[in-house]
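Each chain is listed here by its residues.
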Amino acid sequence: MFITMYQKGFFRYSFVVIIFVMISACANKFNDKENSSNQDFILLNQIAYAPNVPKIALIRSNSKQFSILDENGKTVLKKATSPVKYAAQSGDSVQQINFSELIKPGKYFIRIKDSIYSHPMQIKAHPYSEIAKQALKSFYFNRSGMPMQAKYAGKWSRSAGHPDTIVYVHASAASKQRPEGTIISSPKGWYDAGDYNKYIVNSSISTYTLLLAYQVNPCYFKNLDLNIPESNDKIPDIINEALYNLRWMMSMQDPNDGGVYHKLSTKSFEGFVMPKKATNKRYVVQKSTAAALDFAATMAYSSLILREFSNELPDLADSCLMQAQKAWKWAKKNPDQYYLQPKDISTGEYGDQNLNDEWFWAASELMIATQSLEYEKSIQDNNMDINTPTWNKVNTLGAISLLLNGNNAESDSIKTKFLDYINQLLVKENKSPLRIAIDDFNWGSNSDFANQGMLKMIAYHLTHKAKYADAAQESLDYLLGRNATGYCFVTGFGAKSPRNIHHRISASDKVAEPIPGLLVGGPNLIVPDDCGTNVTRSEYPAKSYEDMQCSYSTNEIAINWNAPFVFLTSSVDASENIKN
Ligand SMILES: [Ca+2]
Ligand SMILES: [Ca+2]
Ligand SMILES: [Ca+2]
């Protein structure tokens, strides 16, 4: 989606003026002059903190001390701020304020200079239950081929679109058994992002990440009722949700040769209309090595997770593993089928010229699932490194699976590398004025924070060292408001959150509020003029964000961004439940 949207041209939409509603009557009690601009002097997690976690906010106004007031206006803490530091990534002079010692549940405000108040701040147990649930439920809202009934979707109910029971084999995907124009059925699956297409590469990392969230905290998810059509069966709703996409993925493999179509897509992006009205012909496009390997990895990992449900889902785990092995064999025979966008197709590419990491991920998952030496050799031959995962860098997903599910022989050296990487993130964050470890703000920078938070929680899971959970809390703090834009980057949550997301359903459903629980891509400088020349984005990467529908480069949503956010919120929430 992303790169091609850029190549394809610029969407221009009229600017919608956003009026931020005054936040709370309590705040007004303190200061009639309160407004969102002075609140942006104090950047903090706008949702809540569990009592025992570190609580560090940032201020952008030179102040020697800060106070914390309870909801009756009584000062409960007065403390010195840290020295001013210049943050080159946001162009701000910032100070940190640390109020970790405040542990009593309640609602509070931070005050600086006697007259500048923060958004409301909360301390409570189970602080992220609701946001984790909505973040997961956003996948349901992005299901293709299913009507959203009001009893599950509330005011976001809608008709079904994209049944995908009639999908054409594109010329680029033609084979002897399935010539160009052959009709296949490939229903279900999630819309990838703001568009209505379905892409194997991005679906793979997203599905894997949700299943991983389940593996790390199964009890948490067994108790989580999403109010989706499958909520009353015996399968945890997160597994139901992942299955909705997994079953689509299974239909993307050509049973004749094991090759996997790279995507299911219209020729060009649909307009900003509801799914039911987006009725252009859809195609499966080109089999690619990246799709085959990501598919193999995800199917093999799914087989492992789904064994637990063999009574409810007979034979499904075996089918997944069989399909994974077939895809791997196809990739072995076709190791350099890099995706090349056909001339008549302009939707998302997810093109990737370096597949070493995809080989490593697929081999890791297949070795775990089969214990076969064939895959072990592929792993040993691969000079794997650890980094923050994204759709085209998936080696760390293989490493995580080996750490959680592999045998000790492989795990020891990987664990060292893995923890070294996380430790480096922690060192960087502690030195950074904004307390972040991001060097470059990429497209979808928010997903880098979510994925780093996920890696930290896995480190916590492996070592039980509190420093990793504490650092994951700070990744979450960033996404929930402690960032240079002052936004809580999740729709429907926080005092200041995105309203005008680049998401066709939210843009055309005639409901004022966007579908909740969606993490937007976040700031970056990659396409500074996506809203045309009348909108000037900040020249600083950490601030270059616009809550406008036209800003596809900063305000789109995507399944691979929401999945690590589900992991992060659920695992932090679950671990805090234990600590409390
Ligand atoms: Ca269920
Ligand atoms: Ca790659
Ligand atoms: Ca809407």
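Every chain begins its residue count from 1, and numbering advances along the sequence as written. Chains carry letters from A onward and ligands carry numbers from 1 onward, assigned in written order. Since the coordinates come from a predicted model, pLDDT governs what is reported: local features require at least 70, and pairs of side-chain atoms require 80 or more to be given and counted, while whole-chain, interface and lining totals use all residues. For side-chain calculations, the full set of non-hydrogen atoms in the structure is used, while hydrogens and water are omitted.

Draft legend 1. Local environment of the side chain of Asp195. Helix and strand labels come from DSSP, where a helix needs a run of H or I of at least four residues and a strand needs a run of E of at least two; each type is numbered from the N terminus. Here Asp195 shows up in the loop between strand E11 (183-184) and strand E12 (198-199). Only protein chains enter the calculation, and the probe is 1.4 Å; a residue is then buried if its accessible area is under 20% of its type maximum, exposed if over 50%, and partly exposed in between. Only four residue types enter the tally: Lys and Arg on the positive side, Asp and Glu on the negative side, with His and both chain ends excluded. Put simply, a salt bridge is a Lys or Arg side-chain nitrogen that is within 4 Å of an Asp or Glu carboxyl oxygen. The side chain of Asp195 sits in the buried core without any salt bridge; Arg504 is the nearest counter-charge, 5.7 Å away. Identification of polar contacts relies on pairs of N or O atoms within 3.5 Å, with a donor-acceptor requirement for protein atoms, meaning one able to donate a hydrogen and the other able to accept it, and with residues adjacent in sequence counted only if both atoms are side-chain atoms. A polar contact is formed between the side chain of Asp195 and the side chain of Asn197, at a distance of 3.1 Å. Only 2.7 Å separates the side chain of Asp195 from the side chain of Tyr199, close enough to count as a polar contact.

Draft legend 2. Up close: the coordination of the calcium ion (ligand 2). The protein atoms donating to the calcium ion (ligand 2) are Asp352 (OD), Asn354 (O), Asp357 (OD), Asp357 (OD), Glu358 (OE), Glu358 (OE) and Asn392 (O), with metal-donor distances spanning 2.3 to 2.7 Å. For the calcium ion (ligand 2), the donor residues sit on a single chain with the sequence spacing D-x1-N-x2-D-E-x33-N. Here the residue Asp357 occupies a position in helix H11 (residues 356-370), and Asn392 occupies one in the loop between helix H12 (373-380) and helix H13 (395-405), the gap between them amounting to 35 residues. Here a donor is an N, O or S atom found within 2.8 Å of the metal, or within 3.2 Å if the metal is Na, K or Ca; sites may look incomplete because water is not among the atoms.

Draft legend 3. Geometry of the coordination of the calcium ion (ligand 1). Listed as protein donors to the calcium ion (ligand 1) are Glu230 (O), Asp233 (OD), Ile235 (O), Asp237 (OD) and Asn240 (OD1); their distances from the metal cover 2.2 to 2.5 Å. The sequence pattern describing where the donors of the calcium ion (ligand 1) fall on their chain is E-x2-D-x1-I-x1-D-x2-N.

Draft legend 4. Spotlight on the pattern of salt bridges. For the structure shown, the criterion picks out 21 salt bridges. The partner of Arg178 in a salt bridge is Asp254, with the nearest N and O atoms 3.9 Å apart. On the criterion of sequence distance, the pair formed by Arg178 in the loop between strand E10 (167-169) and E11 and Asp254 in the loop between helix H8 (237-250) and strand E13 (261-265) is long-range, its members being 76 residues apart. For the pair shown, Arg178 and Asp254 are each scored as buried. Here Asp477 makes a salt bridge to Arg482, at a shortest N to O gap of 3.9 Å. The exposure class of Asp477 is buried, given its relative accessible area of 0%. Connected through salt bridges with shared partners, the residues Arg178, Asp254, Asp257 and Lys287 form a single ionic network.

Draft legend 5. Just the layout of surface pockets, in detail. In this structure, the largest pocket encloses a volume near 510 Å³. Buried and open spaces are told apart on a 1 Å grid over the protein atoms alone, a cavity being a set of points where a 1.4 Å probe fits but cannot get out and a pocket being an open set with protein on both sides within 12 Å along at least five of seven lines. Residues with an atom within 4 Å of a point are the lining residues. Together, 23 residues line the largest pocket, and Thr390, Lys393, Asp440, Asn442 and Asp448 are the ones closest to its centre. Breaking the lining of the largest pocket down by element, the ones donating at least two residues are helix H1 (2-8), helix H14 (408-431) and helix H15 (445-463). Looking at which element gives the most residues to the lining of the largest pocket, the answer is H14, with four residues. Looking at the lining of the largest pocket residue by residue, the classes come out as nine nonpolar, nine polar and five charged. Grid points are joined across faces, edges and corners, and a volume is the space filled by probe spheres set on the points. Only Asp, Glu, Lys and Arg are considered charged, only Ala, Val, Leu, Ile, Met, Phe, Trp, Tyr, Cys and Pro nonpolar, and every remaining residue, Gly among them, polar.

Draft legend 6. Representation of H13. Extensive coverage of H13 is indicated by the burial of nine of its eleven residues. Residues Asn395, Thr396, Leu397, Gly398, Ala399, Ile400, Ser401, Leu402 and Leu403 constitute the buried set of H13.

Draft legend 7. Molecular detail of the environment of Tyr283. Locating Tyr283 in the fold gives a position in strand E14 (residues 283-287). Overall, the relative accessible area of 12% leaves Tyr283 in the buried class. Each C-alpha atom of the pair Tyr283 and Asp225 lies 35 Å from the other, and the pair is 58 residues apart in sequence.

Draft legend 8. Spatial organisation of the state of the cysteines. When two cysteine sulfur atoms lie within 2.5 Å, the pair is treated as a disulfide. A full pass over the atoms with the stated rule returns one disulfide. A sulfur-sulfur distance of 2.1 Å marks the disulfide that ties Cys531 to Cys550. A torsion of 100 degrees about the S-S bond marks the disulfide between Cys531 and Cys550 as right-handed. Of the two residues, Cys531 sits in the loop between helix H17 (504-508) and helix H18 (552-555) while Cys550 sits in the loop between H17 and H18, which places them 19 residues apart along the sequence. With relative accessibility at 10%, the residue Cys531 sits in the buried group.

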